[in-house]
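# Examining the three-dimensional arrangement
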Amino acid sequence: MTIHAIKKNINQIAMYIFFLTGCFIILSGTSNKAVLSDKPLGSQFSQPDADTIKRKLFLDQILKLLPVDNISSGHVSFLDTTFNDWLKRTGELPPDFDKMPSIPFLPDPLVIDEGGKNIPVKTKQQWSEKREWMKRELQYYITGTYPPAPNNLQAKILSEKKDDESLIRMVELSFGSNHNAKLLLELMIPPGKGPFPVFMTQWEHRGWAQIAVRRGYVGCVYAGGDDRDDTEKYAEIWSPEYDFTRLMRRAFGASRAIDYLYTLPFIDKGKIGLSGHSRNGKQSLWAAAFDNRITAVVSSSGGSGAEVPWRYASHKYDVEDIALLACAQPAWLHPRLRFFIGRENKLPVDQNLFMALIAPRGLLLSYAKNEIASNAWGIEKAYEASQKVYRFLGNENNVAIRSRPGQHGITATDISAYVDFFDYVFKRSSHKPENKLYYDYSFENWVKQSGEKINPLDYPVKSLDDIQMDAKGKTINNIKDWEVKKATIQKRMQFIIGKEPAGISTPGPISFANNTYQSGGEEFFGSSILRPDTNSVMAKMEISPYAGFGDYLYGTLYYPRNKEALIKNGSAKLPVMVYLHEYDYSKGFSSQYYDHRIQPFFEEMVSKGFAVFTYDMFGFGNRIDEQVLFYQRFPHWSKMGKMINDLEGAIETLVNLNFVDSTKISVAGYSIGATVALYTAALDSRISSVVAVCGFTPMRLDTPQKGTEGIKGYSHLRGILPRLGFLVGNETRIPYDFHEVMASIAPRRLLVIAPEMDKDASLKDINKSIQQSQKIYQLYGRPENLQIFSPVDYNRFSKEMQDETAEWIQNKKMEK
């Protein structure tokens, strides 16, 4: 088999030799400590041991992949400017990931020793033990440790004045050694004797407190935010004994404000609500997790580190992943969290455990559907995980979720809703939160709804080794016989995909001149999503539903500006790449952040004379609402089927465009986009070549022992291919697998990009699939048309991978 050249320098090769040498000296028999030991789970791996060589290899990989620390936004700790400084001072190494359990789904707060003994929490004593474990682990990996509450708090009233009938009181708190720690508070006290509920927030959110005061709350604004931060000094005061991060220092400051509030007779101590937005949403969630006196909390668009779990903020979700956020804001998160870039499934904790610690007190997760740093689907998963804990503790109504349209900003409408939530939890109102979900799917509900039932034993056990065997067990040695088997594979695929309802194809605008509504793109219906922009190199043609593609869909065709005249008169014949995005729920194809940005890739393709066509896939970006009732409308189809249908609609439009070369329509996809590209190319011969980046691992081999989501990721977690759910536990009986999907694309060109560190896939198994598919490519006499590129990287669409994709689609690799 021809394998795509893997780009490794001499140092990288030496590193692997070093690793292999080290593997021979690893001691066996190391047992995991009990999960509820006094030490954090991660501390088992923090001391030098026989696996030091392997752990140093992990660290070398991490350091090569991490961005540079943006120290202008803060230092990693009081003692360390950068992550490298922290490593040198502490001597810390990553854990031995091979010895840590893989937890591909959100950690279960109601399970003790998850990934080990998996003991369910059933008693109050067990829950108390699990709570203490969660507190230790969250401090160890995310927040850092913080001091105990001081016993020497002093309060000095700096000023008081009347504002209308309310009283404004400025207070300075001092505490800690020699009272060196300070915290400025502003209290807004409504008229009356009280006791009053409290609305707490940070300095820059003073206007929020104003709204709450009109509703009978004491507003408490504390200097623990970017506009004024008295807590920054705490790092020096309590160093090196405590290593709490900037956000945890601010959360610690919130608790000191509560210390003071508890001394005031007019405060209703059972009704203290805390809220903050963005980074302040993170600190608010953390503060409530560690301080039981906070009766209710609203995390408003906190994003990663707040309501978006790290597992669902990894690169393939195009949110602020660990690498991005930790390096862009070095002071926010404990440096130890960086060890888990690309290995989020090894992280013993996640954001839903902060939420579990808050239960059964009030918790509202608030976000905007299309904000850049959000993930509606991931937030809903965290909400559902938290519901389990609230049900266990008998107060399910105290956890809520709220979405708003648009981007990151908020209005008085949102703040009023936050006060409404506090009123509900504090029993000042019976106005119950709406808790609208956009991805309200479960496999069990789908089974009830569809009435479907599949017996896995009806399907024979299959391996990956029978690609050249026909139905009678004879070897296939000619193309004609292979085409017969391919039809059978396609039929099996269609069965799992489900029954596509009869529809009508859309020819599209046909020509540039016919696209009369090109100036009325997505902004026509009020989209707020920022898209890749035009420039001197790249122009764009909005394809709207009036002369659009598929079933009334919006798409964008980016094209070379220097060919605009030829495009307009129809004499150009451009090759086209269709780009399919990752699981970017909030933005669709509009990746915007640092190494997530897709615009440079589009510009590179356009500069080489290609057009790039792209759109939001079903359920993402501007199409979140479209998928809400999908299985009520089409219980026997699948979301994968709809995504395939949309891509076929795009191909139909491109084939009909008079300035497109219909023989050169490529599809490149990352993550779910790659999966859709593979499926569609196997079923639609109009696609001339494919690049699939992190798009699959063989389903028959993707068992729970691999530590991945397995086929449950398709059937149970996301509801993309629900019929696969009947085969969970019987993976060897799945009717087809990806080696057959890839073989069905033969002899057309296919590049598989599979990073070595992809936590969601087994490179060994992918290579086995490629080897089997290669037999069919050889049958066509085109083995070079199937290749694999495996960089030393984790699951992402890096610049290196983008360059490989561009070269493949341009056919540059065949010219070398």
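Residues numbered from 1 in each chain as written. Predicted model: local features only at pLDDT ≥ 70, side-chain atom pairs only at ≥ 80, totals over all residues. Heavy atoms only, no water.

### Concerning the overall build of the chain
Using the following cut-off: Starting at the N terminus, helices and strands are each numbered in turn, a helix being any DSSP run of H or I of at least four residues and a strand any DSSP run of E of at least two. All radius of gyration figures rest on C-alpha atoms, and the globule criterion is 2.2 Å times the number of residues raised to 0.38. The rule is simple: take the accessible area with a 1.4 Å probe, protein chains only, and divide by the maximum for that residue type; under 20% is buried, over 50% is exposed, in between is partly exposed.
If you tally the helices and strands in the chain, you get 24 helices and 19 strands. Here the C-alpha atoms of the chain give a radius of gyration of 28 Å, agreeing with the 28 Å that 2.2 N^0.38 yields for 816 residues. Its C-alpha atoms give the chain principal-axis dimensions of roughly 85 × 70 × 55 Å. Buried positions account for 62% of the 816 residues belonging to the chain.

### What to know about the layout of surface pockets
So the rule is basically this: Cavity: a set of points on a 1 Å grid over the protein atoms alone where a 1.4 Å probe fits but cannot get out. Pocket: an open set with protein on both sides within 12 Å along at least five of seven lines, its lining residues, like those of a cavity, having an atom within 4 Å of a point. Grid points are joined across faces, edges and corners, and a volume is the space filled by probe spheres set on the points.
Taken as a whole, the largest pocket spans an internal volume of roughly 1,000 Å³. Lining the largest pocket we find 38 residues, and of these F105, L106, K712, H716 and L717 sit closest to its centre. Counting only elements with at least two residues in the lining of the largest pocket, the list comes to α11 (376-392), α13 (443-450) and α20 (712-717). In this structure, the second largest pocket occupies an estimated 790 Å³ of space. Along its surface, the second largest pocket is lined by 25 residues, and D98, E756, M757, D758 and A761 are the ones closest to its centre. Put simply, the parts of the chain that give the lining of the second largest pocket at least two residues each are α1 (10-23), α2 (52-65) and α22 (763-779). Per element, the largest residue contribution to the lining of the second largest pocket is four residues, and it comes from α2.

### A word on the sheet that holds strand β15 (residues 611-614)
Across a sheet, paired strands are connected by hydrogen bonds in the backbone, their directions being either parallel or antiparallel. This is how the line gets drawn: Strands pair, by our definition, only if DSSP identifies at least two bridges between them. Between N-to-C directions, angles span 0 to 180 degrees; the directions come from axes that are lines fitted to C-alpha atoms, helices contributing only their stretch in contact.
Ordered by their spatial adjacency, eight strands build an open sheet running β12-β13-β15-β14-β16-β17-β18-β19, and the pairing between neighbours is mixed. Because the sheet does not close on itself, it has two edges, and the strands there are β12 (538-543) and β19 (786-789). Put simply, the sheet's adjacent strands are angled 20 degrees from each other on average, direction ignored. Sheet topology places β12 next to strand β13 (residues 555-560); six bridges connect them, and they run antiparallel.

### Brief notes about the pairing of strand β9 (residues 296-300)
In plain terms, the rule: With the strands pointing away from the viewer, any crossover whose connection runs clockwise from the first strand over the helix to the second is right-handed.
Summarising burial for β9: five of the five residues are buried, a large majority. Of the two faces of β9, the one holding A296, V298 and S300 and the one holding V297 and S299 are both buried throughout. Examined bridge by bridge, strand β8 (residues 267-277) and β9 share five bridges and lie parallel to one another. Bridge pairing in β9 links L274 to V297. The β-α-β motif built from β8, the intervening helix α8 (residues 279-290) and the parallel element β9 has right-handed crossover chirality. Two elements, β9 and strand β10 (residues 362-368), share five bridges in a ladder whose sense is parallel. If you follow S299 over to β10, its bridge partner there is L365.

### Some words on the sheet that holds strand β11 (residues 399-404)
Spatial strand order, β3-β4-β5-β7-β6-β8-β9-β10-β11: nine strands in an open sheet with mixed pairing. Both edges of this open sheet fall to β3 (154-163) and β11, since each of them pairs with a single strand only. Recorded for the sheet is a direction-independent mean angle of 20 degrees between the axes of neighbouring strands. Pairing analysis gives six bridges linking β10 to β11, with the strands arranged parallel. Pairing of L364 across the sheet is with A400, part of β11.

### Regarding the packing of helix α14 (residues 479-497) against helix α19 (residues 672-683)
To be explicit about the condition: The scheme is simple: roughly parallel for angles under 35 degrees, roughly antiparallel for over 145, roughly perpendicular for 65 to 115, oblique for anything else. Note: crossing handedness is left-handed where the near helix turns anticlockwise from the far helix by less than a right angle, and right-handed where it turns clockwise. Contacts between residues were defined by any pair of non-hydrogen atoms, one from each residue, lying within 4.5 Å. Side-chain classes are defined by residue name, with Ala, Val, Leu, Ile, Met, Phe, Trp, Tyr, Cys and Pro counting as nonpolar, Asp, Glu, Lys and Arg as charged, and the others, Gly among them, as polar.
Between α14 and α19, whose axes approach to 10 Å, the crossing angle comes to 130 degrees. It follows that α14 is oblique to α19 by the angle criterion. The two elements α14 and α19 cross, and the hand of that crossing is left-handed. Residues Q490, M493, Q494 and I497 of α14 pack against Y679, A682 and L683 of α19. Among the residues forming the contact of α14 with α19, the class breakdown is five nonpolar, two polar and no charged.

### Things to note about the packing of helix α16 (residues 599-607) against helix α23 (residues 799-809)
A packed helix pair is summarised by two numbers, namely the angle formed by the two axes and the spacing between the axes. The N-to-C vectors of α16 and α23 enclose an angle of 25 degrees; their axes lie 10 Å apart at closest approach. Relative to α23, the element α16 is oriented roughly parallel. Crossing handedness for the pair α16 and α23: right-handed. When α16 is examined against α23, the residues F601, E604 and M605 are found in contact with a partner set consisting of Q802, D803, T805, A806 and I809. Split by residue class, the contact of α16 with α23 holds four nonpolar, two polar and two charged.

### Some words on the packing of aromatic side chains
To be explicit about the condition: We call Phe, Tyr and Trp rings a pair once their centres come within 6.5 Å, taking the six-membered ring for Trp, and we label the pair stacked below 30 degrees between planes, edge-to-face above 60, and tilted otherwise.
Taken as a whole and assessed by the stated rule, the structure comprises 59 aromatic pairs. Arranged with centres 6.1 Å apart and planes meeting at 65 degrees, the rings of F83 and F339 form a pair that is edge-to-face. Within this pair, whereas F83 is found in helix α3 (residues 83-90), its partner F339 is found in the loop between α9 (322-328) and α10 (351-358), the two being separated by 256 residues in sequence. Residue classification places F83 among the buried positions, given a relative accessible area of 2%.

### Quick look at α22
Inclusion rule: By definition here, a helix of n residues has an expected span of 1.5 Å times n minus one.
Along its 17 residues, α22 runs 24 Å from first to last C-alpha, staying within 8% of the 24 Å computed at 1.5 Å per residue. Inspection of α22 places L763, D765, I766, S769, I770, Q772, S773, Q774, I776 and Y777 among the buried residues, and these make up the whole buried set. Once α22 ends, the next one or two residues include G781, with phi positive near 75 degrees.

### A short note on helix α7 (residues 246-261)
A rise of 1.5 Å per residue sets the reference length of α7, with its 16 residues, at 22 Å; its end C-alpha atoms lie 23 Å apart and thus fit the reference within 8%. When you tally the buried positions in α7, you get 16 out of 16 residues, the bulk of the element.

### Focus on the pattern of salt bridges
Selection rule: Salt bridges are defined by distance alone: a side-chain nitrogen of Lys or Arg within 4 Å of a carboxyl oxygen of Asp or Glu.
Summed over the entire model, instances satisfying the criterion amount to 53 salt bridges. Between D98 and K54 there is a salt bridge, with its nearest N and O atoms 3.1 Å apart. Placement of D98 in the loop between α3 and β1 (111-112) and of K54 in helix α2 is noted, with a sequence separation of 44 residues between them. Notably, a salt bridge pairs K486 with E483, separated by 3.5 Å at the nearest N-O pair. Note that K486 and E483 are positioned in helix α14 at a spacing of three residues, about one turn of the helix. In this structure E483 comes out as partly exposed when scored by relative accessible area, which is 33%. Through salt bridges with shared partners, a single ionic network connects D551, R623, E626, K642 and D646.

### A look at the pairing of strand β16 (residues 660-670)
For β16, the buried fraction is high: eight of the eleven residues fall into the buried class. In terms of strand pairing, strand β14 (residues 574-580) meets β16 through six bridges, oriented parallel. What sits directly across from V578, in β16, is V667. In terms of strand pairing, β16 meets strand β17 (residues 689-693) through five bridges, oriented parallel. Directly across from Y670, in β17, lies its bridge partner V693.

### Details of the environment of I476
Structurally, I476 can be placed in the loop between α13 and α14. Judged by relative accessible area, I476 falls into the buried class, the value being 1%. For the pair I476 and I776, spaced 300 residues apart in sequence, the C-alpha separation works out to 9.3 Å. Setting aside residues no more than four positions away along its own chain, I476 makes contact with I467, Q468, M469, D470, D481, W482, K485 and L779.

### Overview of empty space enclosed by the protein
Counted by the stated rule, this structure contains seven cavities of 30 Å³ or more. In this structure, the largest cavity encloses a volume near 260 Å³. Lining of the largest cavity is provided by 20 residues; of these, K316, Y583, E709, Y714 and D760 occupy positions nearest its centre. Breaking the lining of the largest cavity down by element, the ones donating at least two residues are α19 and α20. Tallied by class, the residues present in the lining of the largest cavity amount to six nonpolar, eight polar and six charged. Taken as a whole, the second largest cavity encloses approximately 150 Å³ of empty space. Around the second largest cavity, the lining is made up of 14 residues, and of these Y439, Y585, K639, R718 and I720 lie nearest the centre. Taken together, the residues that form the lining of the second largest cavity break down as nine nonpolar, two polar and three charged.

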